[in-house]
Structure formats: C-alpha cells, structure tokens
Amino acid sequence: MCEKPKSGPITEGEDIDLARAVPEIDVIVGGHTHTFVRQPIIANGTPVVQAGCYGAALGELVIRMEGGKRKVESYKLHTIDDTIPGDPRLANAVDAFKAETSRILFAPRGFAIDEPLAMIDRDWSNSFFDLTASMPLGNLTTDAIRHAAKADVALNAAGMVRAGLTKGNSGVQTVYDVFLLAPLGIGVADQSAGGSLVVVYLTGREIKNCLEFLLIGNPNLPGQYFPRVSGMRFRYDLSRPKFDAVTQIELGDLTRGYRTIDISDKSSTNLYSVACNLYFGLVLISVSRKAGVPLVPKKKDGTPIKSRAEALPERPQSGPYLLPPKGTIEQDQAVRGAGANSSMEIKEWQAIMQYLKTLPKKNDRGICPLVMDEQAAENRTINLQA
C-alpha cells in the first residue's frame with residue numbers, strides 16, 4: 001500500500017515501510033490501493049511498483065543486476081483498452097463462465113448476467129479520494145438497501161461500494177455491471193456470492209456511535225470508511241472530540257421531509273430499524289467492542305439479537321438458496337432450501353438491481369435512465385466546517 005500526498009512523489013506507505021524493513025526483498029509489486037505508480041519508487045534500494053486496478057494497465061518492469069545490486073532498466077504501464085484485440089479462445093472461455101454464473105447466481109433471483117438494468121449519460125464515480133464525486137453512487141446504493149429491507153435507515157461505507165458505473169460506448173448498465181458494486185461477502189445460510197442484508201434495531205445514540213466510528217476512519221485507507229446513509233442525514237464537526245463529532249441526526253428524506261431525533265440520551269428506548277450488509281454490520285459490532293462504545297443490535301421488541309439469522313429481514317422470499325453447478329460441487333456441499341417454503345436471503349447486489357427496476361421512468365427500450373437528480377446529488381453528510 002502506498003499513500004500519495006496532495007502533491008509530489010509518493011514517499012510513505014506500507015509497501016515502502018516493508019522495503020525499508022526487509023532490504024532482502026528484490027521487488028515489491030503492490031496492490032489493493034488502486035494506485036497507478038507511473039515511476040518506480042526506490043525505497044532502500046528496492047523498486048516498489050503498482051499497476052492500478054481493474055486491468056486498466058499492464059506493468060512492465062525490467063531489472064538488471066550489477067555486481068549483486070538491482071538496477072531498474074525500464075518501467076512502463078501499458079494501457080489496456082479496446083484497441084488491443086481479444087483472444088477468441090479466452091473469449092469463449094469467458095462466455096462459458098458467464099453462462100454458468102448466470103445460471104447459478106443470477107437466475108434464482110430472476111436476473112440474467114447480460115440483462116440491461118439502467119442507462120447512464122455519464123460516469124458515476126466511486127472515488128474514495130473525492131467523496132463529493134462518489135456521493136451519488138453512495139446515495140443510490142443505500143437507498144436500494146433501505147427500500148429492499150423496508151427499514152427506517154440504511155448505513156454503508158464508501159469503501160463497501162466496490163466499483164463505479166462507467167458510461168462506455170452505450171451507457172447501458174447490465175446485471176454484471178451492477179453486481180460489481182457489491183460483489184463481496186456471503187450470507188447467513190446462503191453461501192453464494194454477495195453479502196446478505198440484515199436489519200437491526202438501534203437507539204438514536206447507537207446510530208450516532210456507528211457514524212462516529214466511520215468518521216474516524218482508518219488513516220491507511222483514507223475515505224473508505226466515510227459513511228453513506230439513506231433515510232437520514234446528519235451534521236458533524238471533526239474539530240470536536242473523538243466519538244463526539246456528530247451534532248445532529250435527522251430521519252426522513254427529501255419527499256417526506258426530515259425530523260430531528262434524540263442522540264444525547266443514553267438511556268432512551270426509542271428504536272429505529274437499521275439495514276446494512278451483513279459484513280458491514282459485523283465490522284461495526286467488532287469496532288464498537290474494541291472501542292468500548294455501546295452498540296447492541298436488537299430485535300423490534302428491544303431484546304438483543306443472539307444470532308445472524310435473527311437479523312435477516314422478516315420477509316422470506318420463495319426460491320432456492322443456490323443452484324449447484326453441474327459436476328463441480330459435491331451434493332453434500334450444496335445449500336438446501338429449494339421449494340415454496342424456503343427463505344432466500346436478500347443480497348445487497350440484488351437489492352440494487354431490484355431498486356433500479358422499480359424506478360418509474362423508462363426509455364423506449366424499457367430501461368431506466370439513471371440521472372443525477374436532486375435525490376442522487378443530495379448531501380446527507382453535512383460537514384459543519386465546510
């Protein structure tokens with residue numbers, strides 16, 4: 001991991017720390033931070049490089065040894081785009097994987113991998129470094145979570161949205177494009193790809209605590225913990241003491257209006273339903289325990305939730321958990337539950353897809369035009385220092 005300052009070369013980061021600590025490493029090829037390192041970083045004699053993300057570039061590093069010492073002969077990032085012809089054999093293999101993925105993952109929930117879901121006229125950013133630019137996508141995904149779970153509030157973090165929406169040549173966004181927004185995690189009993197939604201009941205004070213954790217964030221992952229919300233907006237001031245930056249929380253939306261809730265009373269019994277991805281929920285619980293800040297996920301009646309299954313939304317859906325691929329999974333490994341009485345967990349990506357399908361406006365192809373309207377551009381995280 002490398003951190004880039006506002007200007008100038010990269011001089012700090014975990015990859016660089018590693019090179020300084022272990023000089024015996026010849027080369028460090030970084031990843032995960034999506035950094036396009038255009039010039040090799042030489043740290044303690046060790047070249048540190050990284051070729052960005054999503055296959056947008058291929059890094060080529062040539063090292064020459066001189067008297068037992070490493071010397072960078074050349075380094076270049078080659079752009080990968082549509083000017084490079086594809087390999088027909090690889091394309092055929094990808095088509096086979098797509099067909100099987102569609103059968104296993106998407107078909108049980110009523111989707112097909114290449115099915116068009118939305119049309120965009122511009123890119124929808126997923127930048128962690130520009131939280132204003134990525135706000136519309138954060139609003140869209142949390143709105144989808146809240147509507148699917150029928151909760152008062154939905155919480156997410158900027159880093160939980162794993163990709164942006166790219167206009168490309170046509171602007172059409174398919175099931176696979178939308179799946180990339182939330183592909184990580186698994187469910188409670190449903191072990192297929194993607195985290196399932198959970199709903200817990202929290203007090204106003206506990207919702208505040210969740211936001212406080214996210215605002216503190218992680219200095220090694222700037223911006224990735226920043227809160228994304230739906231069904232609410234809040235005001236914060238980072239000049240205030242840690243765990244006390246949030247000054248006001250209002251529940252509601254642009255259509256219904258907003259109302260302020262009490263976040264000061266630690267003994268309050270007023271509960272609000274909060275929806276999120278299972279993985280994200282587990283992160284919040286873990287952080288709260290380590291920080292020693294109260295956060296007890298509850299059922300509607302106020303009793304503590306004792307298992308992940310108790311946090312699943314109370315609206316079972318008919319259908320199988322998973323269709324095992326032919327000849328690749330042993331029968332005793334397949335998750336059971338097919339039939340009229342089975343309960344299918346709601347995946348986060350499924351919630352986003354269903355939300356797009358329910359948007360009222362459709363073009364002449366029956367596809368929803370996804371626009372940067374007032375709801376998409378709404379600032380729900382109001383920085384009092386801005």
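Residues numbered from 1 in each chain as written. Predicted model: local features only at pLDDT ≥ 70, side-chain atom pairs only at ≥ 80, totals over all residues. Heavy atoms only, no water.

Undergrad: Mind showing me how you'd approach the environment of Arg-109 here?
TA: Positionally, Arg-109 belongs in the loop between helix H2 (88–106) and strand S6 (116–120). Residues Arg-109 and Ile-346, 237 residues apart in the sequence, show an inter-C-alpha distance of 9.2 Å. A polar contact is formed between the side chain of Arg-109 and the side chain of Asp-190, at a distance of 2.8 Å. (Helix = DSSP H or I, 4+ residues; strand = E, 2+ residues; numbered from the N terminus. Polar contact = N/O pair within 3.5 Å; in protein donor to acceptor, adjacent residues only side chain to side chain.)

Undergrad: Just to check I follow, could you spell out the side chain of Thr-46 for this structure?
TA: Inspection of the secondary structure puts Thr-46 in strand S3 (residues 46–49). Relative accessible area serves as the criterion here: at 0%, Thr-46 is assigned to the buried category. Every residue in contact with Thr-46, bar those within four places of it in the chain, is listed here: Ala-19, Pro-23, Ile-25, Asp-26, Val-27, Ile-28, Ile-41 and Arg-70. (Buried < 20%, exposed > 50% of the residue type's maximum accessible area, 1.4 Å probe, protein only. Contact = heavy atoms within 4.5 Å.)

Undergrad: Got a minute to help me understand the pairing of strand S4 (residues 57–66) in this structure?
TA: Note on strand geometry: in a regular strand, side chains alternate between the two faces of the sheet. Direction of pairing for S4 relative to strand S5 (residues 69–79): antiparallel, over a ladder of 10 bridges. Within S5, the position partnered with Met-65 by the bridge is Arg-70. Counting the residues between successive antiparallel strands, the hairpin from S4 to S5 contains 2 residues, one of them, Gly-67, with a positive phi of roughly 60°. (Pairing = 2+ DSSP bridges.)

Undergrad: It is not clear to me how the environment of Ala-91 should be interpreted in this structure. Could you clarify?
TA: Among the secondary structure elements, Ala-91 is positioned in helix H2. A residue is classified by how much of its surface remains accessible, and Ala-91, at 39% relative accessible area, is partly exposed. Considered as a pair, Ala-91 and Ile-42 are 49 residues apart in the sequence and their alpha carbons are 38 Å apart.

Undergrad: Is there a simple way to think about the packing of aromatic side chains in this case?
TA: How two aromatic rings sit relative to each other is set out by the distance from centre to centre and by the angle between their planes. Applying the stated criterion across every chain yields a total of 7 aromatic pairs. For the ring pair Phe-213 and Phe-243, a centre distance of 5.7 Å and an interplane angle of 85° mean the geometry is edge-to-face. With Phe-213 in helix H5 (residues 204–216) and Phe-243 in the loop between strand S11 (232–236) and strand S12 (246–253), this pair connects stretches of sequence that are 30 residues apart. Judged by centre distance (6.2 Å) and plane angle (65°), the rings of Phe-226 and Tyr-236 are edge-to-face. Taken as a pair, Phe-226 in the loop between H5 and strand S10 (227–230) and Tyr-236 in strand S11 lie far apart in primary sequence, 10 residues in all. Residues Phe-226 and Tyr-236 agree in their burial class; the two are buried. These aromatic residues form a ring-pair network of at least three members: Phe-106, Tyr-176, Phe-179 and Trp-349. (Phe/Tyr/Trp six-rings, centres within 6.5 Å; stacked < 30°, edge-to-face > 60°.)

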